[in-house]
Amino acid sequence: MYRSLPKGTMDEDVLAFLSSIQHDQSILYYDIVGSEAHSIMLKEQGIISLEELKKILAALEEAKKNPAVVETEGAEDIHEALEAFVIKQAGMGAGGKMHTARSRNDQVVLDMRMKVRDDINALCASLIDLIGALVKQAGKNRDAAMPLYTHTQQGQLGTLSHVLLSYADALFRDLERAYLCFGRINQSPLGACAIGGTSINIDRKRTAVLLGFDGLVRNSVDATTSRDAFVEYVASLSILSTTLARMAEDLIIWSTAEFGFVELDDRFSSTSSAMPQKKNPDPLELVRAKAAVIAGRLVSVLGITKGLPSGYSRDLQDLKPQLLEASTAAIGAVRVMKGVVETLKVNKKRMLAVSKTSYAISLDIAEQLVAKGLPFRNAHKIVGALVARAAAKEAPLSEITVKDAAAVLKKVRPEKKLGAEELARIAKGMTPARSIALRRSAGSPNKKEQDEMIKAARTKLAGYEAGVGKRTKFVQGALDNLAKTVDKYLAA
Ligand code: ARG
(Lines give C-alpha, C1' and ligand atoms only; values in the text may rest on other atoms or scores of the structure.)
Protein backbone atom coordinates (compact mmCIF):
# COMPACT_ATOMS: atom_id res chain seq x y z
CA MET A 1 0.00 0.00 0.00
CA TYR A 2 2.87 2.38 0.74
CA ARG A 3 4.59 1.45 -2.53
CA SER A 4 4.36 4.65 -4.54
CA LEU A 5 7.92 4.57 -5.85
CA PRO A 6 9.07 0.93 -5.56
CA LYS A 7 7.62 -1.29 -8.28
CA GLY A 8 5.55 -4.42 -7.69
CA THR A 9 5.25 -6.16 -4.37
CA MET A 10 7.89 -6.76 -1.78
CA ASP A 11 9.86 -10.01 -1.73
CA GLU A 12 8.02 -12.46 0.54
CA ASP A 13 11.03 -13.30 2.72
CA VAL A 14 11.85 -9.62 3.09
CA LEU A 15 8.27 -8.86 4.12
CA ALA A 16 8.33 -11.60 6.75
CA PHE A 17 11.68 -10.33 8.00
CA LEU A 18 10.56 -6.71 8.06
CA SER A 19 7.10 -7.09 9.48
CA SER A 20 6.45 -6.03 13.07
CA ILE A 21 2.85 -7.28 13.00
CA GLN A 22 3.54 -9.98 15.56
CA HIS A 23 4.45 -7.45 18.25
CA ASP A 24 2.12 -4.74 17.03
CA GLN A 25 -1.02 -6.36 18.40
CA SER A 26 -0.32 -4.82 21.80
CA ILE A 27 -0.28 -1.31 20.30
CA LEU A 28 -3.32 -1.66 18.02
CA TYR A 29 -5.64 -0.10 20.60
CA TYR A 30 -3.32 2.89 20.94
CA ASP A 31 -3.02 3.23 17.18
CA ILE A 32 -6.81 3.40 16.97
CA VAL A 33 -7.30 6.05 19.65
CA GLY A 34 -4.30 7.99 18.34
CA SER A 35 -5.88 7.95 14.88
CA GLU A 36 -9.20 9.10 16.32
CA ALA A 37 -7.61 12.07 18.07
CA HIS A 38 -5.61 12.97 14.96
CA SER A 39 -8.67 12.79 12.70
CA ILE A 40 -10.77 14.89 15.09
CA MET A 41 -8.04 17.51 15.14
CA LEU A 42 -7.91 17.48 11.30
CA LYS A 43 -11.65 18.19 11.21
CA GLU A 44 -11.47 20.89 13.89
CA GLN A 45 -8.69 22.59 11.93
CA GLY A 46 -10.79 22.52 8.77
CA ILE A 47 -8.44 20.08 7.04
CA ILE A 48 -11.08 17.38 6.54
CA SER A 49 -14.87 17.70 6.51
CA LEU A 50 -17.32 16.46 9.13
CA GLU A 51 -18.61 13.85 6.69
CA GLU A 52 -15.07 12.56 6.10
CA LEU A 53 -14.38 12.49 9.83
CA LYS A 54 -17.55 10.53 10.51
CA LYS A 55 -16.59 7.86 8.00
CA ILE A 56 -13.10 7.58 9.45
CA LEU A 57 -14.37 7.43 13.03
CA ALA A 58 -17.00 4.81 12.18
CA ALA A 59 -14.27 2.55 10.77
CA LEU A 60 -11.95 3.18 13.73
CA GLU A 61 -14.74 2.44 16.21
CA GLU A 62 -15.43 -0.82 14.41
CA ALA A 63 -11.76 -1.75 14.76
CA LYS A 64 -11.80 -0.77 18.42
CA LYS A 65 -14.80 -2.98 19.16
CA ASN A 66 -13.47 -5.91 17.21
CA PRO A 67 -9.73 -5.72 16.53
CA ALA A 68 -9.91 -8.95 14.53
CA VAL A 69 -11.50 -7.06 11.62
CA VAL A 70 -8.16 -5.40 10.93
CA GLU A 71 -6.62 -7.63 8.28
CA THR A 72 -2.90 -8.01 8.98
CA GLU A 73 -2.00 -10.53 6.28
CA GLY A 74 0.70 -9.09 4.05
CA ALA A 75 1.02 -5.87 6.07
CA GLU A 76 4.37 -4.50 7.17
CA ASP A 77 2.95 -3.26 10.42
CA ILE A 78 -0.23 -2.39 12.29
CA HIS A 79 -0.22 1.24 11.13
CA GLU A 80 -0.41 0.13 7.53
CA ALA A 81 -3.02 -2.52 8.33
CA LEU A 82 -5.25 -0.11 10.24
CA GLU A 83 -5.07 2.57 7.55
CA ALA A 84 -5.88 -0.02 4.89
CA PHE A 85 -8.90 -1.10 6.93
CA VAL A 86 -10.09 2.50 7.32
CA ILE A 87 -9.70 3.11 3.57
CA LYS A 88 -11.60 -0.11 2.84
CA GLN A 89 -14.47 0.88 5.15
CA ALA A 90 -14.56 4.65 4.66
CA GLY A 91 -13.50 4.74 1.03
CA MET A 92 -10.38 6.43 -0.38
CA GLY A 93 -12.13 9.82 -0.41
CA ALA A 94 -12.35 9.93 3.38
CA GLY A 95 -10.09 7.13 4.63
CA GLY A 96 -7.27 8.23 2.35
CA LYS A 97 -7.13 11.53 4.25
CA MET A 98 -6.48 10.03 7.69
CA HIS A 99 -2.72 9.99 7.18
CA THR A 100 -2.63 13.71 6.36
CA ALA A 101 0.11 15.47 8.36
CA ARG A 102 1.19 12.27 10.01
CA SER A 103 3.82 9.60 9.53
CA ARG A 104 4.39 6.16 10.93
CA ASN A 105 7.44 7.75 12.52
CA ASP A 106 5.45 9.90 14.94
CA GLN A 107 2.69 7.29 15.04
CA VAL A 108 4.75 4.37 16.34
CA VAL A 109 6.42 6.39 19.05
CA LEU A 110 3.03 7.84 20.03
CA ASP A 111 1.62 4.34 20.42
CA MET A 112 4.62 3.20 22.42
CA ARG A 113 4.40 6.19 24.72
CA MET A 114 0.74 5.45 25.44
CA LYS A 115 1.45 1.76 25.98
CA VAL A 116 4.40 2.40 28.28
CA ARG A 117 2.59 5.03 30.35
CA ASP A 118 -0.14 2.43 31.00
CA ASP A 119 2.51 -0.12 31.86
CA ILE A 120 4.23 2.32 34.22
CA ASN A 121 0.95 2.96 36.01
CA ALA A 122 0.28 -0.78 36.25
CA LEU A 123 3.82 -1.41 37.46
CA CYS A 124 3.63 1.34 40.08
CA ALA A 125 0.27 0.06 41.34
CA SER A 126 1.69 -3.47 41.61
CA LEU A 127 4.80 -2.20 43.37
CA ILE A 128 2.64 -0.30 45.85
CA ASP A 129 0.75 -3.54 46.55
CA LEU A 130 3.98 -5.46 47.02
CA ILE A 131 5.49 -2.87 49.35
CA GLY A 132 2.18 -2.79 51.24
CA ALA A 133 2.34 -6.57 51.68
CA LEU A 134 5.93 -6.32 52.94
CA VAL A 135 5.06 -3.63 55.45
CA LYS A 136 2.12 -5.69 56.70
CA GLN A 137 4.31 -8.79 57.14
CA ALA A 138 6.93 -6.63 58.84
CA GLY A 139 4.30 -5.44 61.32
CA LYS A 140 3.60 -9.06 62.27
CA ASN A 141 7.27 -9.99 62.57
CA ARG A 142 8.89 -7.25 64.62
CA ASP A 143 9.61 -9.84 67.31
CA ALA A 144 10.80 -12.57 64.94
CA ALA A 145 14.51 -12.81 65.77
CA MET A 146 16.72 -14.32 63.08
CA PRO A 147 20.34 -14.26 62.02
CA LEU A 148 21.37 -11.68 59.44
CA TYR A 149 23.92 -13.01 56.98
CA THR A 150 27.01 -11.58 55.38
CA HIS A 151 28.85 -13.82 52.91
CA THR A 152 25.86 -16.12 53.56
CA GLN A 153 27.36 -16.75 57.04
CA GLN A 154 25.60 -15.72 60.22
CA GLY A 155 26.65 -12.15 60.97
CA GLN A 156 24.47 -10.42 63.56
CA LEU A 157 21.01 -11.06 64.86
CA GLY A 158 18.11 -9.05 63.50
CA THR A 159 14.40 -9.48 63.02
CA LEU A 160 12.43 -10.63 60.01
CA SER A 161 10.65 -7.26 59.94
CA HIS A 162 14.03 -5.56 59.60
CA VAL A 163 14.86 -7.59 56.48
CA LEU A 164 11.38 -7.22 54.99
CA LEU A 165 11.59 -3.46 55.46
CA SER A 166 14.96 -3.44 53.72
CA TYR A 167 13.22 -4.89 50.66
CA ALA A 168 10.52 -2.26 50.99
CA ASP A 169 13.10 0.53 51.00
CA ALA A 170 14.86 -0.83 47.91
CA LEU A 171 11.50 -1.22 46.17
CA PHE A 172 10.60 2.36 47.06
CA ARG A 173 13.62 3.47 45.05
CA ASP A 174 12.55 1.21 42.18
CA LEU A 175 9.08 2.70 42.43
CA GLU A 176 10.47 6.22 42.40
CA ARG A 177 12.51 5.49 39.26
CA ALA A 178 9.44 4.23 37.39
CA TYR A 179 7.29 7.03 38.79
CA LEU A 180 9.65 9.74 37.58
CA CYS A 181 10.12 8.07 34.21
CA PHE A 182 6.38 8.52 33.58
CA GLY A 183 6.85 12.28 33.36
CA ARG A 184 9.31 11.88 30.50
CA ILE A 185 7.20 9.24 28.72
CA ASN A 186 3.90 11.10 28.88
CA GLN A 187 4.76 13.77 26.28
CA SER A 188 3.13 13.72 22.87
CA PRO A 189 5.25 13.27 19.74
CA LEU A 190 2.18 13.34 17.48
CA GLY A 191 2.35 15.94 14.73
CA ALA A 192 6.12 15.74 14.42
CA CYS A 193 5.28 13.86 11.21
CA ALA A 194 8.13 12.09 9.42
CA ILE A 195 10.88 14.24 10.98
CA GLY A 196 10.46 17.86 9.94
CA GLY A 197 6.89 18.83 10.86
CA THR A 198 4.31 19.90 8.29
CA SER A 199 3.06 22.88 6.27
CA ILE A 200 -0.51 21.84 7.07
CA ASN A 201 -2.22 23.82 9.83
CA ILE A 202 -2.39 21.12 12.52
CA ASP A 203 -2.84 21.66 16.27
CA ARG A 204 -0.43 19.46 18.19
CA LYS A 205 -1.63 20.69 21.56
CA ARG A 206 -5.18 19.58 20.80
CA THR A 207 -4.17 15.98 20.06
CA ALA A 208 -1.95 15.96 23.16
CA VAL A 209 -4.91 16.99 25.33
CA LEU A 210 -7.29 14.54 23.64
CA LEU A 211 -4.87 11.70 24.40
CA GLY A 212 -4.09 12.63 28.00
CA PHE A 213 -0.49 13.77 27.56
CA ASP A 214 1.13 16.21 29.97
CA GLY A 215 2.82 18.11 27.15
CA LEU A 216 4.62 17.91 23.81
CA VAL A 217 7.95 16.57 22.66
CA ARG A 218 8.26 19.85 20.82
CA ASN A 219 11.21 19.39 18.49
CA SER A 220 10.07 17.18 15.61
CA VAL A 221 13.51 15.62 15.14
CA ASP A 222 13.68 14.79 18.83
CA ALA A 223 10.10 13.51 18.85
CA THR A 224 10.66 10.99 16.06
CA THR A 225 14.23 10.02 16.95
CA SER A 226 14.69 9.88 20.69
CA ARG A 227 14.05 6.76 22.70
CA ASP A 228 15.92 7.73 25.86
CA ALA A 229 12.82 7.65 28.07
CA PHE A 230 12.13 4.08 26.91
CA VAL A 231 15.71 3.04 27.60
CA GLU A 232 15.33 4.63 31.02
CA TYR A 233 12.20 2.58 31.61
CA VAL A 234 13.93 -0.70 30.73
CA ALA A 235 16.91 0.31 32.89
CA SER A 236 14.51 0.93 35.79
CA LEU A 237 12.94 -2.47 35.19
CA SER A 238 16.34 -4.08 35.12
CA ILE A 239 17.34 -2.53 38.43
CA LEU A 240 13.97 -3.46 39.94
CA SER A 241 14.40 -7.04 38.77
CA THR A 242 17.66 -7.32 40.70
CA THR A 243 15.85 -6.23 43.88
CA LEU A 244 13.22 -8.90 43.23
CA ALA A 245 15.90 -11.49 42.52
CA ARG A 246 17.53 -10.79 45.89
CA MET A 247 14.21 -11.25 47.65
CA ALA A 248 13.56 -14.44 45.69
CA GLU A 249 16.99 -15.82 46.54
CA ASP A 250 16.58 -15.09 50.27
CA LEU A 251 13.17 -16.74 50.35
CA ILE A 252 14.37 -19.76 48.40
CA ILE A 253 17.19 -20.30 50.90
CA TRP A 254 14.97 -19.69 53.93
CA SER A 255 12.41 -22.18 52.69
CA THR A 256 14.89 -25.08 52.47
CA ALA A 257 14.49 -27.84 55.08
CA GLU A 258 17.91 -26.85 56.44
CA PHE A 259 16.75 -23.32 57.21
CA GLY A 260 13.02 -23.83 57.66
CA PHE A 261 12.47 -20.14 58.46
CA VAL A 262 9.56 -19.74 56.07
CA GLU A 263 7.18 -21.84 54.05
CA LEU A 264 5.64 -20.79 50.76
CA ASP A 265 1.93 -21.10 50.34
CA ASP A 266 0.90 -24.02 48.12
CA ARG A 267 -0.52 -21.59 45.58
CA PHE A 268 2.97 -20.21 45.07
CA SER A 269 4.76 -23.53 44.88
CA SER A 270 5.23 -26.18 42.26
CA THR A 271 5.98 -29.86 42.62
CA SER A 272 8.20 -32.53 41.13
CA SER A 273 7.01 -34.95 38.50
CA ALA A 274 9.11 -37.65 40.17
CA MET A 275 9.66 -36.89 43.86
CA PRO A 276 6.34 -36.93 45.69
CA GLN A 277 7.61 -35.04 48.76
CA LYS A 278 8.68 -31.98 46.79
CA LYS A 279 7.30 -28.48 47.18
CA ASN A 280 9.41 -26.34 44.92
CA PRO A 281 9.73 -22.54 44.82
CA ASP A 282 9.48 -22.40 41.00
CA PRO A 283 7.72 -19.01 40.87
CA LEU A 284 10.56 -17.47 42.89
CA GLU A 285 13.15 -19.17 40.71
CA LEU A 286 11.59 -17.59 37.65
CA VAL A 287 11.51 -14.20 39.37
CA ARG A 288 15.25 -14.69 39.87
CA ALA A 289 15.75 -15.65 36.23
CA LYS A 290 13.82 -12.60 35.01
CA ALA A 291 16.61 -10.38 36.31
CA ALA A 292 18.88 -11.95 33.70
CA VAL A 293 16.24 -11.83 30.97
CA ILE A 294 15.49 -8.16 31.58
CA ALA A 295 19.17 -7.23 31.82
CA GLY A 296 19.59 -8.88 28.40
CA ARG A 297 16.78 -6.76 27.02
CA LEU A 298 18.38 -3.62 28.43
CA VAL A 299 21.62 -4.46 26.66
CA SER A 300 19.66 -5.00 23.42
CA VAL A 301 17.83 -1.69 23.79
CA LEU A 302 21.06 0.20 24.42
CA GLY A 303 22.75 -1.61 21.55
CA ILE A 304 19.94 -0.82 19.11
CA THR A 305 19.85 2.89 19.95
CA LYS A 306 23.60 3.34 20.15
CA GLY A 307 25.14 4.76 17.00
CA LEU A 308 21.88 5.52 15.19
CA PRO A 309 21.80 8.77 13.26
CA SER A 310 19.10 11.35 13.98
CA GLY A 311 15.72 10.58 12.42
CA TYR A 312 13.74 7.36 12.36
CA SER A 313 15.61 4.22 11.30
CA ARG A 314 13.94 0.85 11.08
CA ASP A 315 16.32 -0.43 13.77
CA LEU A 316 13.98 1.27 16.23
CA GLN A 317 11.28 -1.25 15.42
CA ASP A 318 13.30 -3.91 17.20
CA LEU A 319 13.03 -1.95 20.45
CA LYS A 320 9.36 -2.80 20.68
CA PRO A 321 9.55 -6.52 21.55
CA GLN A 322 12.43 -5.87 23.96
CA LEU A 323 10.50 -3.17 25.73
CA LEU A 324 7.17 -4.98 25.83
CA GLU A 325 8.64 -8.24 27.02
CA ALA A 326 10.78 -6.58 29.69
CA SER A 327 7.70 -4.75 30.90
CA THR A 328 5.48 -7.84 30.98
CA ALA A 329 8.17 -9.86 32.77
CA ALA A 330 8.77 -7.20 35.42
CA ILE A 331 5.10 -6.56 36.15
CA GLY A 332 4.49 -10.33 36.34
CA ALA A 333 7.40 -10.80 38.73
CA VAL A 334 6.17 -8.02 41.03
CA ARG A 335 2.69 -9.54 41.18
CA VAL A 336 4.00 -13.02 41.92
CA MET A 337 6.23 -11.63 44.64
CA LYS A 338 3.31 -9.79 46.23
CA GLY A 339 1.36 -13.05 46.51
CA VAL A 340 4.35 -14.87 47.94
CA VAL A 341 4.91 -12.22 50.61
CA GLU A 342 1.25 -11.92 51.49
CA THR A 343 0.79 -15.66 52.04
CA LEU A 344 4.21 -16.41 53.53
CA LYS A 345 4.15 -18.69 56.56
CA VAL A 346 6.80 -17.64 59.05
CA ASN A 347 8.30 -20.14 61.49
CA LYS A 348 9.26 -17.80 64.33
CA LYS A 349 10.06 -20.72 66.65
CA ARG A 350 12.61 -22.13 64.27
CA MET A 351 14.19 -18.73 63.69
CA LEU A 352 14.43 -18.16 67.44
CA ALA A 353 15.96 -21.60 68.04
CA VAL A 354 18.66 -20.87 65.45
CA SER A 355 19.21 -17.40 66.92
CA LYS A 356 19.61 -18.79 70.43
CA THR A 357 22.48 -21.05 69.47
CA SER A 358 24.04 -18.62 66.99
CA TYR A 359 27.41 -16.98 67.45
CA ALA A 360 25.87 -13.97 65.69
CA ILE A 361 25.66 -12.34 69.14
CA SER A 362 29.47 -12.05 69.21
CA LEU A 363 29.57 -8.42 68.13
CA ASP A 364 26.93 -7.52 70.75
CA ILE A 365 29.12 -9.06 73.45
CA ALA A 366 32.18 -7.25 72.13
CA GLU A 367 30.27 -3.95 72.20
CA GLN A 368 29.36 -4.57 75.86
CA LEU A 369 33.08 -4.87 76.59
CA VAL A 370 33.65 -1.62 74.69
CA ALA A 371 31.02 -0.05 76.95
CA LYS A 372 33.19 -1.17 79.89
CA GLY A 373 36.08 0.85 78.43
CA LEU A 374 38.00 -1.87 76.57
CA PRO A 375 39.54 -1.03 73.21
CA PHE A 376 37.41 -2.61 70.49
CA ARG A 377 40.43 -4.55 69.20
CA ASN A 378 40.83 -6.25 72.62
CA ALA A 379 37.11 -6.97 72.79
CA HIS A 380 37.23 -8.52 69.29
CA LYS A 381 40.07 -10.84 70.39
CA ILE A 382 38.35 -11.83 73.65
CA VAL A 383 35.04 -12.72 72.05
CA GLY A 384 36.80 -14.51 69.18
CA ALA A 385 38.57 -16.68 71.76
CA LEU A 386 35.30 -17.27 73.63
CA VAL A 387 33.67 -18.45 70.39
CA ALA A 388 36.59 -20.79 69.76
CA ARG A 389 36.10 -22.36 73.23
CA ALA A 390 32.35 -22.64 72.80
CA ALA A 391 32.78 -24.15 69.33
CA ALA A 392 35.23 -26.71 70.71
CA LYS A 393 32.48 -27.84 73.10
CA GLU A 394 29.90 -27.56 70.28
CA ALA A 395 28.00 -25.28 72.63
CA PRO A 396 26.42 -21.84 72.27
CA LEU A 397 27.95 -18.79 73.96
CA SER A 398 25.29 -19.03 76.66
CA GLU A 399 27.20 -22.07 77.99
CA ILE A 400 30.44 -20.19 78.54
CA THR A 401 31.69 -20.79 82.09
CA VAL A 402 33.74 -18.56 84.37
CA LYS A 403 36.61 -20.99 83.80
CA ASP A 404 36.36 -20.47 80.04
CA ALA A 405 36.30 -16.70 80.55
CA ALA A 406 39.33 -16.80 82.84
CA ALA A 407 41.32 -18.87 80.35
CA VAL A 408 40.50 -16.43 77.55
CA LEU A 409 41.43 -13.37 79.64
CA LYS A 410 44.71 -14.97 80.60
CA LYS A 411 45.57 -15.38 76.96
CA VAL A 412 44.35 -12.03 75.61
CA ARG A 413 45.30 -9.72 78.51
CA PRO A 414 43.19 -6.66 77.68
CA GLU A 415 44.38 -3.06 78.21
CA LYS A 416 41.73 -2.57 80.86
CA LYS A 417 41.05 -5.02 83.69
CA LEU A 418 38.05 -7.27 83.23
CA GLY A 419 36.86 -9.95 85.65
CA ALA A 420 36.22 -13.51 84.43
CA GLU A 421 32.83 -13.59 86.23
CA GLU A 422 31.82 -10.37 84.54
CA LEU A 423 32.86 -11.60 81.10
CA ALA A 424 30.98 -14.89 81.57
CA ARG A 425 27.92 -13.00 82.80
CA ILE A 426 27.90 -10.68 79.77
CA ALA A 427 28.29 -13.62 77.39
CA LYS A 428 25.57 -15.69 79.06
CA GLY A 429 23.19 -12.76 79.28
CA MET A 430 23.28 -12.01 75.58
CA THR A 431 19.96 -13.56 74.60
CA PRO A 432 18.50 -12.83 71.14
CA ALA A 433 15.96 -10.44 72.70
CA ARG A 434 18.69 -8.54 74.50
CA SER A 435 20.93 -8.47 71.45
CA ILE A 436 18.18 -6.82 69.43
CA ALA A 437 17.02 -4.47 72.18
CA LEU A 438 20.58 -3.18 72.63
CA ARG A 439 20.91 -2.18 68.98
CA ARG A 440 20.13 1.51 69.09
CA SER A 441 21.47 3.10 65.91
CA ALA A 442 19.02 4.52 63.36
CA GLY A 443 17.76 1.80 61.04
CA SER A 444 18.74 -1.08 63.34
CA PRO A 445 16.38 -3.91 64.32
CA ASN A 446 15.19 -2.67 67.73
CA LYS A 447 11.45 -2.45 68.12
CA LYS A 448 11.19 1.33 68.24
CA GLU A 449 13.12 1.64 64.99
CA GLN A 450 10.90 -0.99 63.38
CA ASP A 451 7.80 0.90 64.43
CA GLU A 452 9.15 4.15 63.06
CA MET A 453 10.27 2.60 59.78
CA ILE A 454 6.87 0.97 59.36
CA LYS A 455 5.13 4.27 60.01
CA ALA A 456 7.35 6.13 57.55
CA ALA A 457 6.78 3.45 54.90
CA ARG A 458 3.00 3.70 55.33
CA THR A 459 3.07 7.48 54.88
CA LYS A 460 5.24 7.17 51.79
CA LEU A 461 2.98 4.48 50.36
CA ALA A 462 -0.09 6.65 50.80
CA GLY A 463 1.64 9.46 48.88
CA TYR A 464 2.52 7.21 45.95
CA GLU A 465 -0.91 5.62 45.99
CA ALA A 466 -2.53 9.03 45.64
CA GLY A 467 -0.09 10.09 42.91
CA VAL A 468 -0.46 6.94 40.83
CA GLY A 469 -4.23 6.96 41.29
CA LYS A 470 -4.42 10.56 40.10
CA ARG A 471 -2.32 9.87 37.02
CA THR A 472 -4.24 6.76 36.10
CA LYS A 473 -7.52 8.63 36.46
CA PHE A 474 -6.20 11.54 34.41
CA VAL A 475 -5.22 9.30 31.48
CA GLN A 476 -8.45 7.33 31.72
CA GLY A 477 -10.46 10.56 31.97
CA ALA A 478 -8.84 11.92 28.81
CA LEU A 479 -9.58 8.72 26.90
CA ASP A 480 -13.17 8.70 28.19
CA ASN A 481 -13.53 12.28 26.96
CA LEU A 482 -12.06 11.29 23.62
CA ALA A 483 -14.68 8.53 23.36
CA LYS A 484 -17.39 11.08 24.12
CA THR A 485 -16.00 13.43 21.47
CA VAL A 486 -16.00 10.56 18.98
CA ASP A 487 -19.66 9.84 19.84
CA LYS A 488 -20.52 13.52 19.51
CA TYR A 489 -19.05 13.72 16.01
CA LEU A 490 -20.60 10.44 14.96
CA ALA A 491 -24.01 11.74 16.04
CA ALA A 492 -23.50 15.16 14.44
N1 ARG B 1 6.73 -0.77 12.21
C2 ARG B 1 7.52 0.39 12.43
C3 ARG B 1 8.07 0.32 13.87
O4 ARG B 1 7.61 -0.47 14.62
C5 ARG B 1 6.71 1.62 12.29
C6 ARG B 1 7.43 2.79 11.74
C7 ARG B 1 7.88 2.54 10.34
N8 ARG B 1 8.37 3.73 9.78
C9 ARG B 1 9.06 3.72 8.65
N10 ARG B 1 9.45 4.87 8.19
N11 ARG B 1 9.43 2.62 8.06
O12 ARG B 1 8.98 1.05 14.21
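Heads up: the structure comes first, above all this text.
Conventions used here
- Numbers given for residues are sequential positions, taken from 1 along each chain in its written order.
- In keeping with the model being predicted, local features are shown solely for residues with a pLDDT of at least 70 and side-chain atom pairs are shown and tallied solely at 80 or more, while totals for entire chains, interfaces and linings include all residues.
- Water and hydrogen atoms were dropped before computing side-chain values, which therefore reflect all heavy atoms in the structure.
- By convention in these notes, a salt bridge is any Lys or Arg side-chain nitrogen within 4 Å of a carboxyl oxygen on Asp or Glu.
- In DSSP terms, a helix is any run of H or I states spanning at least four residues, a strand is any run of E spanning at least two, and both are numbered starting from the N terminus.
- Exposed residues in this analysis have more than 50% of their type's maximum accessible area, buried residues have under 20%, and partly exposed residues fall in between, with area computed by a 1.4 Å probe over protein chains only.
- A single heavy atom is enough: if one lies within 4 Å of a molecule or strand, its residue is considered near that molecule or strand.
- Any pair of N or O atoms that falls within 3.5 Å is considered a polar contact. Within protein, one atom must be able to donate a hydrogen and the other to accept it, and sequence-neighbouring residues count only if both atoms are side-chain atoms.
- Residue-level accessible areas treat just the shown protein chains as cover; the underlying method is Shrake-Rupley with a 1.4 Å probe.
- Residues are grouped as follows: nonpolar covers Ala, Val, Leu, Ile, Met, Phe, Trp, Tyr, Cys and Pro; charged covers Asp, Glu, Lys and Arg; every other residue, Gly included, is treated as polar.
- When DSSP finds two or more bridges between two strands, those strands count as paired.
- Every angle, taken between N-to-C directions, lies between 0 and 180 degrees, and every axis is a line fitted to C-alpha atoms, over only the stretch in contact when it is a helix.
- Angle categories are assigned with fixed cut-offs, so that under 35 degrees is roughly parallel, over 145 is roughly antiparallel, 65 to 115 is roughly perpendicular, and the rest are oblique.
- Two helices that cross are described as forming a left-handed crossing if the nearer one is turned anticlockwise from the farther one by less than a right angle, and a right-handed crossing if clockwise.

> A description of the pattern of salt bridges should follow, citing residues and the corresponding values.
Using the criterion set out here, one finds 27 salt bridges in the structure. With its nearest N and O atoms 2.7 Å apart, the salt bridge here joins Arg184 to Glu232. In this pair, Arg184 is assigned in helix α8 (residues 160-185) and Glu232 in helix α11 (residues 228-254), connecting sequence segments 48 residues apart. Using a relative accessible area of 43% as the deciding quantity, one classes Arg184 as partly exposed.

> Which residues make up the site of the ligand, and what values do they have?
For the ligand, the full set of nearby residues is Ser20, Asp77, His79, Arg104, Asn105, Val108, Tyr312, Arg314, Gln317 and Lys320. Here a nitrogen atom of the ligand and a side-chain polar atom of Asn105 are 3.0 Å apart. Contact with the protein chains hides 87% of the accessible area of the ligand, taken as 340 Å² for the molecule alone. Here the shell around the ligand takes 3 residues from helix α7 (residues 104-140), the largest share from any one element. Partitioning the shell around the ligand into residue classes produces 2 nonpolar, 4 polar and 4 charged.

> Tell me about the pairing of strand β1 (residues 145-150), and name the residues and values.
Side-chain direction in a regular strand flips from residue to residue, so the side chains alternate between the two faces of the sheet. Bridge count between β1 and strand β2 (residues 153-159): 6 bridges; the pairing is antiparallel. Its bridge partner lying in β2, Thr150 is registered against Gln153.

> Quick rundown of the packing of α11 against helix α12 (residues 282-305)? Include the residues and the values.
Running from N to C, α11 and α12 point in directions that differ by 160°, and their axes come no closer than 8 Å. It follows that α11 is roughly antiparallel to α12 by the angle criterion. As α11 packs across α12, the resulting crossing turns out to be left-handed. Classifying every residue of the contact of α11 with α12 gives 17 nonpolar, 4 polar and 5 charged.

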